[in-house]
Amino acid sequence: MKLFNCTSCGNLVFFENSVCLSCQSKLGFLPEEQNLVALEPVGPKLWRVAGSENSDRHYRKCFNYEVHQVCNWMIRDGQDGDFCRACSLNRTIPDLNDQKKKFHWYRLETEKRRLIYSLLRLGLPVYSQIQDPTGLAFDFLADTPDTMNESGSVMTGHLNGLITINIAEADPVKREDMRRKMGERYRTILGHFRHESGHYYWDRLIRDSEFQNEFRTLFGDETQDYAQALAKHHAYGPPADWHRFFVSPYASCHPWEDWAETWSHYLHIIDTLETAHQFGLKIQNQWGESDTFTIAQDFDAYRQPDFQMLVRNWFPLTLAINSINRSMGHAHVYPFVLTSPVVDKLAFVHQIIGSAQLMIRQH
Ligand SMILES: [Zn+2]
Ligand SMILES: [Zn+2]
Ligand SMILES: [Zn+2]
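Please read these numbers as outputs of a predicted model, since none were measured by experiment.

## Side note on the overall build of the protein chain
Step number 1: From N to C terminus, the protein chain includes 10 helices and 13 strands.
Step number 2: Radius of gyration (C-alpha) of the protein chain: 21 Å, near the 21 Å computed for a compact globule of 363 residues.
Step number 3: In terms of principal-axis extent, the alpha carbons of the protein chain reach across some 65 × 60 × 50 Å.
Step number 4: A sequence separation of at least 24 residues applies to 54% of the contacts in the protein chain between residues at least 6 apart.

## A few points about the packing of helix α8 (residues 255–278) against helix α10 (residues 340–362)
Step number 1: Viewed as axis vectors pointing N to C, α8 and α10 meet at an angle of 75°, and their least axial separation amounts to 9 Å. Considering the angle they form, α8 stands roughly perpendicular to α10. Of the residues in α10, those touching α8 at T262, W263, H265 and Y266 are K345, L346, V349 and H350.
Step number 2: A per-class count over the contact of α8 with α10 returns 4 nonpolar, 3 polar and 1 charged.

## Things to note about the pairing of strand β9 (residues 137–141)
Step number 1: Bridge count between strand β8 (residues 90–92) and β9: 2 bridges; the pairing is parallel. Each residue of the ladder has a partner; that of N90, found in β9, is F138.
Step number 2: Taken together, β8, helix α2 (residues 99–121) and β9 constitute a β-α-β crossover, and its handedness is left-handed.
Step number 3: Two strands pair when backbone bridges link them, and β9 and strand β11 (residues 162–166) are joined in this way by 5 bridges, in the parallel orientation. Paired with D139 across the bridge in β11 is T164.

## Focus: helix α9 (residues 307–327)
An α-helix turns once every 3.6 residues. As a result, residues three or four positions apart point the same way.
Step number 1: Over its 21 residues, α9 extends 31 Å from the first C-alpha to the last, a length consistent with the 30 Å expected when each residue adds 1.5 Å.
Step number 2: Taken as a whole, α9 has its buried residues at L310, N313, W314, L317 and T318.

## Structural notes on the environment of T7
Step number 1: Structurally, T7 can be placed in the loop between β1 (4–5) and β2 (12–13).
Step number 2: For T7, a count of 19 C-beta atoms within 10 Å gives the class partly exposed.
Step number 3: Remark: the alpha-carbon pair of T7 and A38, spanning 31 residues in sequence, is separated by 5.3 Å.
Step number 4: Setting aside residues up to four positions removed in sequence, T7 forms contacts with V37, A38, V49, A50 and G51.

## What about the pairing of strand β3 (residues 26–30)?
Step number 1: The pairing of β3 with strand β4 (residues 35–43) spans 5 bridges and is classified as antiparallel. Within β4, the residue paired with K26 across the bridge is L39.

## Examining the domain arrangement of the protein chain
Step number 1: Splitting the protein chain by domain gives domain 1 (1–84), domain 2 (85–191) and domain 3 (206–363).
Step number 2: Placing a centre on the C-alpha atoms of domain 1 and another on those of domain 2 gives a separation of 25 Å.
Step number 3: On the domain 2 side, the residues contacting the 13 residues of domain 1 number 14 residues.
Step number 4: For the side of domain 1 that touches domain 2, a count of residues per class yields 8 nonpolar, 4 polar and 1 charged.

## Points about the sheet that holds β11
Step number 1: In space, the 4 strands of this open sheet follow the order β8-β9-β11-β10, with mixed pairing throughout. With one partner strand each, in any of the chains shown, β8 and β10 (157–159) form the two edges of the open sheet. Adjacent strand axes in the sheet meet at a mean angle of 25°, parallel and antiparallel pairs treated alike.
Step number 2: Sheet topology places β10 next to β11; 3 bridges connect them, and they run antiparallel. In the strand pairing of β11, H158 is matched with I163.
Step number 3: Lying on the sheet, helix α4 (residues 189–205) is in contact with β10 and β11; it crosses β10 at an angle near 20°.

## Describing unusual backbone geometry
Step number 1: Of note, the phi angle at Q69 is positive, near 55°, even though the residue is not glycine.
Step number 2: Of note, Q69 is situated in the loop between α1 (63–66) and β7 (74–76).
Step number 3: Phi at D208 takes a positive value of approximately 55°, unusual for a residue other than glycine.
Step number 4: Structurally, D208 is set in the loop between α4 and α5 (212–219).

Conventions we followed
Residues numbered from 1 in each chain as written. Chains lettered and ligands numbered in written order. Predicted model: local features only at pLDDT ≥ 70, side-chain atom pairs only at ≥ 80, totals over all residues. Helix = DSSP H or I, 4+ residues; strand = E, 2+ residues; numbered from the N terminus. Rg over C-alpha atoms; globule rule 2.2 N^0.38 Å. Contact = placed C-beta atoms within 7 Å. Axes fitted to C-alpha atoms, helices over the stretch in contact; angles between N-to-C directions. Parallel < 35°, antiparallel > 145°, perpendicular 65-115°, else oblique. Nonpolar A, V, L, I, M, F, W, Y, C, P; charged D, E, K, R; others polar. Pairing = 2+ DSSP bridges. Right-handed = clockwise from strand over helix to strand, strands pointing away. Expected span 1.5 Å × (residues − 1). Buried ≥ 20, exposed ≤ 12 C-beta atoms within 10 Å, placed from the backbone. Domains from an automatic or database assignment.

Take a look at the structure:
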């Protein structure tokens, strides 16, 4: 994630901020420019970037910003619709008369915007299923008698571009409980979004493509029965040697899940590398002078063509941030080991994203 400076006073501001705490300017994120800017009013509900008197570019706040304060993104005036690039993907949101549900929704939207930021930074296609059936959509559902399946709760998952999230995932106690029940090392809201988006982009970028055979060589044959594979995983757990080939136990249950887990790790890696780079992080000592870890001045993890550069930077960074977390009594930030088969799969994700970027540039 990029760091931002208030365009009015220069103060450091963060992706989620809607006010600069130094100069009190209202802030808004411009998804097209991928920049968080200070705003000044130019009319009723109409804003421009502070100090841009000569520009005729005006913006409106996303409806979920203006009315519910759960968003901080802007829409270019003249564009259709009341919702920003991220909120326009929503199909179902929780009942906002219920304050607890509204708070959970706010937590989910905050993390969802981080996903959408990453997808836009990567130059991947992001459009709403409401406009195009091949697009993305989100359902944020609460457990009610109508939504319950036989297991008794809304299943977080993906189907044909529709990502369903059980809003209970926004409750840290329930999420931790689920994490322990599922025997997972890591469970976060952002992790869910990244994982489920992996299923969507598998459909868009790999299904029936020239990459399908290479996918099968690395991840296995995805035509094997999915429901059976999942049932087997839940009944017997992962194979004893899962860690040699998979990034997580869950990844071992079916090639589709392996892909989604690997995809989400790719997003973890590039976004965390970007944040480290933005802070000018430099790690040395343990590896000796020659192995000093510094991300180059012009390093952009989201546009780094050389996959090995990402891996070389990632290993020392995880050691450092894991150790820093332990010093504060927290668990490891990144409790995973990337073996060489897993690195090969990550390289494939990198290749697929690179070819999608190329395709989009050519059209
Ligand atoms: Zn400011
Ligand atoms: Zn919005
Ligand atoms: Zn999945």
